[in-house]
Amino acid sequence: MSPLLLLFVAFFVYGVWRLVCEYVLPSSLDKVPGPASKSLLLGNVMRLFDHNNEPFLDDLIYKYGPVSKFHGFVGAIHSILMKDQELYTRGSVSITITQLILGPGLLSTTGARHRRQRKMLNPVFSATHMRNMIPFFHDIVSKLRDAIESRVITGEQEVDIAAWISRTALELIGQGGLGHSFDPLTEETSDACFVSRSMRISPAFNEIQWVRIFLPYIKYLGPAWLRRKLLDAIPNKQIQRVKYISDVVYHHSAKIFNERKEAAYQGDTAMVGRVGAGKDVMTVLLKANMAASEEDKLPDQELIAQMSTFINAGVDTTSNALARTLHLLAMHPRVQDKLHEELIEAQTQYGDRIPYDQLTQLPYMDAVCRETLRLAEADTTLPLMTPIRGIDGKLITEIAVPKGTFLVLNLKACDTMEALWGDDAREWKPERWLAPLPHEVEDARIPGVYSHLMTFGAGSYSCIGFKFSQLEMKVVLSTLVRDFKFSLPDKPIQWKYGGLNYPTMGGPDSTKAEMLLKVERVRE
């Protein structure tokens, strides 16, 4: 038998064994409840990635409790993300996916390499640095306001708020994160729309989740140039779309990086008149990297990867959160009116451009943002905050987790659990943040970096840019809700999943991202 045939047989036998072993071998997870498997090959894991996955997630939370089991090929949060984080890694599949698409940035590195990157990046996302950014945040959002105002100057009109918010988020990341302007936010410029569309990588990859099965073995296919040739030859439009987006993001990032690096070497005088004026995240990071010791310096490829990460992690996430907030405000006119009153009062006291410290401390604005984000989502032993009842009827207080088990943290469950947040946990109710939180929330040791919530994660893989995102949300909302009234359109808005939650309006089968709201001016 030839060596090639032997190799094929070995891979085939291994694949079959991986497929059936969980069904024939006993496991400490056997008694953990969960939905029945729908497929021998894929189990029910693919339901996590379905465009309409919300019913499945709700079923996991409210039918099976804080811990459930699902099948697939491929209270515990504090233990996983904080106490025992070295035992729970992100897994080779997630790391391989992110590194292939974005390069060796924060989302695709582990261990000492990840800690070195985070050490370098932490200062540029501090509150002190965010305070320096607020002037050009206001500049950008003023252009957004003018663009919307020009479309409703004759009276109430339906405006695709999701599209405008997405363009604004890209420009805020561009100027605040990269020192580069993508979009003047005036007309439908072809370059801005091209860049914005090209950077929607999460929905594109969500369409090819099946490739996860093969990704751990990519590194065995030879050097990078050979892997690229093989990738080019795959006759699949969805895979080629992801490749195209990854290339666009990389080339934009590399071009901007070289421009910023050259300016950084020329000194502060070279920054005068440039976008960001040298206060953007990338320029500050480049200067810090130039001054760092040799063991702490980041190579150029890692710095370029950070730029790709900023674009992909910072645009659709915050823009969709803002779209969700405006949708909820349109659904709850009383809340919108109350927020409008707070903003008019702040404007009277501080002017049109509310300063950083005062904006971040507006109580009702903060409550609205927190409430939206609350509803947004080695062998070891996993302790449980509250016991669960196994399929045999017995209470389980801890679970022995076999090495190699694939864990999914249902962060939505943590943020909407009735046992923690009360009977109204699934309601959007900003007022809950204006009173002391339930003592169950305080006692739960939720390790999130933001306000007892897991929206921005926890531990060494928490979202490093959550302060940037928060400032972006508040500057946009403070301007738009003060100057406009938002109402629901005639067509219903539905939220779908495509790597991230996003709004659609074309019916249950539509995957087009759009959200029209009725908009009218409320201030002359």
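Residues numbered from 1 in each chain as written. Predicted model: local features only at pLDDT ≥ 70, side-chain atom pairs only at ≥ 80, totals over all residues. Heavy atoms only, no water.

Draft legend 1. Layout of the packing of helix H5 (residues 111-121) against helix H13 (residues 300-314). Packing of H5 against H13 brings their axes to within 12 Å, and their N-to-C directions diverge by 70 degrees. On the basis of the axis angle, H5 is roughly perpendicular to H13. For the pair H5 and H13, the contacting residues are Arg 113, Arg 116, Gln 117 and Leu 121 in the first and Glu 302, Gln 306 and Phe 310 in the second. Residue composition of the contact of H5 with H13, grouped by class: two nonpolar, two polar and three charged. (Axes fitted to C-alpha atoms, helices over the stretch in contact; angles between N-to-C directions. Helix = DSSP H or I, 4+ residues; strand = E, 2+ residues; numbered from the N terminus. Parallel < 35°, antiparallel > 145°, perpendicular 65-115°, else oblique. Contact = heavy atoms within 4.5 Å. Nonpolar A, V, L, I, M, F, W, Y, C, P; charged D, E, K, R; others polar.)

Draft legend 2. Layout of the pattern of salt bridges. On inspection of all chains with the given rule, the structure shows 26 salt bridges. With a closest N to O distance of 3.3 Å, Asp 232 and Arg 228 form a salt bridge. Placement of both Asp 232 and Arg 228 in helix H10 (residues 224-232) is noted, with a separation of four residues, approximately one turn of the helix. In this structure Asp 232 comes out as partly exposed when scored by relative accessible area, which is 38%. Accessibility expressed as a relative area gives 33% for Arg 228, which makes it partly exposed. The network of salt bridges with common partners includes Glu 371, Arg 374, Asp 424, Lys 429 and Arg 432. (Salt bridge = Lys/Arg side-chain N within 4 Å of Asp/Glu carboxyl O. Buried < 20%, exposed > 50% of the residue type's maximum accessible area, 1.4 Å probe, protein only.)

Draft legend 3. The environment of Ala 323, seen in detail. Here Ala 323 is to be found in helix H14 (residues 316-331). Using a relative accessible area of 1% as the deciding quantity, one classes Ala 323 as buried. Sequence spacing of Ala 323 and Ile 165 is 158 residues, and the spatial spacing of their C-alpha atoms is 7.0 Å. Discounting chain neighbours no more than four positions away, the residues touching Ala 323 are Trp 495 and Met 515.

Draft legend 4. Molecular detail of unusual backbone geometry. At Ser 451, a residue that is not glycine, the phi angle is positive and equals roughly 55 degrees. Relative to the helices and strands, Ser 451 resides in the loop between helix H20 (439-443) and helix H21 (466-483). Notably, His 452 is not glycine yet its phi reads approximately 60 degrees, a positive angle.

Draft legend 5. Region of the structure containing the environment of Asn 236. Relative to the helices and strands, Asn 236 resides in the loop between H10 and helix H11 (237-266). The exposure class of Asn 236 is partly exposed, given its relative accessible area of 21%. In sequence terms Asn 236 and Ile 208 are 28 residues apart; their C-alpha atoms lie 9.8 Å from each other. Filtering out sequence-adjacent residues up to four positions away, Asn 236 remains in contact with Ile 208 and Trp 210. Polar side-chain contacts of Asn 236 include one of 2.9 Å to the backbone nitrogen of Ile 239. (Polar contact = N/O pair within 3.5 Å; in protein donor to acceptor, adjacent residues only side chain to side chain.)

Draft legend 6. Representation of the pairing of strand S6 (residues 501-504) within the structure. Bridge count for strand S5 (residues 494-497) against S6 is four bridges, and the pairing is antiparallel. Bridge assignment links Lys 496 to a residue of S6, and that residue is Tyr 502. (Pairing = 2+ DSSP bridges.)

Draft legend 7. Highlighting the sheet that holds strand S4 (residues 484-487). Reading across from one edge, S1-S7-S4 is the order of the three strands in this open sheet, with antiparallel pairing throughout. Strands with a single pairing partner mark the edges of an open sheet, and in this sheet they are strand S1 (157-160) and S4. This sheet shows a mean twist of 45 degrees between the axes of neighbouring strands, independent of strand direction. Examined bridge by bridge, S4 and strand S7 (residues 516-521) share four bridges and lie antiparallel to one another. Looking at S7, one finds that Ser 487 is bridged to Lys 518. In the packing of helix H6 (residues 127-151) onto the sheet, contacts are made with S1, S4 and S7, and the angle to S4 comes to roughly 65 degrees.

Draft legend 8. Layout of the packing of H6 against helix H7 (residues 161-178). Remark: H6 packs on H7, axes separated minimally by 10 Å, with the N-to-C direction vectors making an angle of 155 degrees. Here H6 lies roughly antiparallel to H7, going by the angle between them. The interaxial crossing formed by H6 with H7 has right-handed handedness. Contact residues: H6 offers Met 133, Phe 136, Phe 137, Ile 140, Leu 144, Ala 147, Ile 148 and Arg 151, while H7 offers Ile 161, Trp 164, Ile 165, Thr 168, Glu 171, Leu 172, Gln 175 and Gly 176. (Left-handed = near helix turned anticlockwise from the far one by under 90°.)

Structural measurements only, silent on function.
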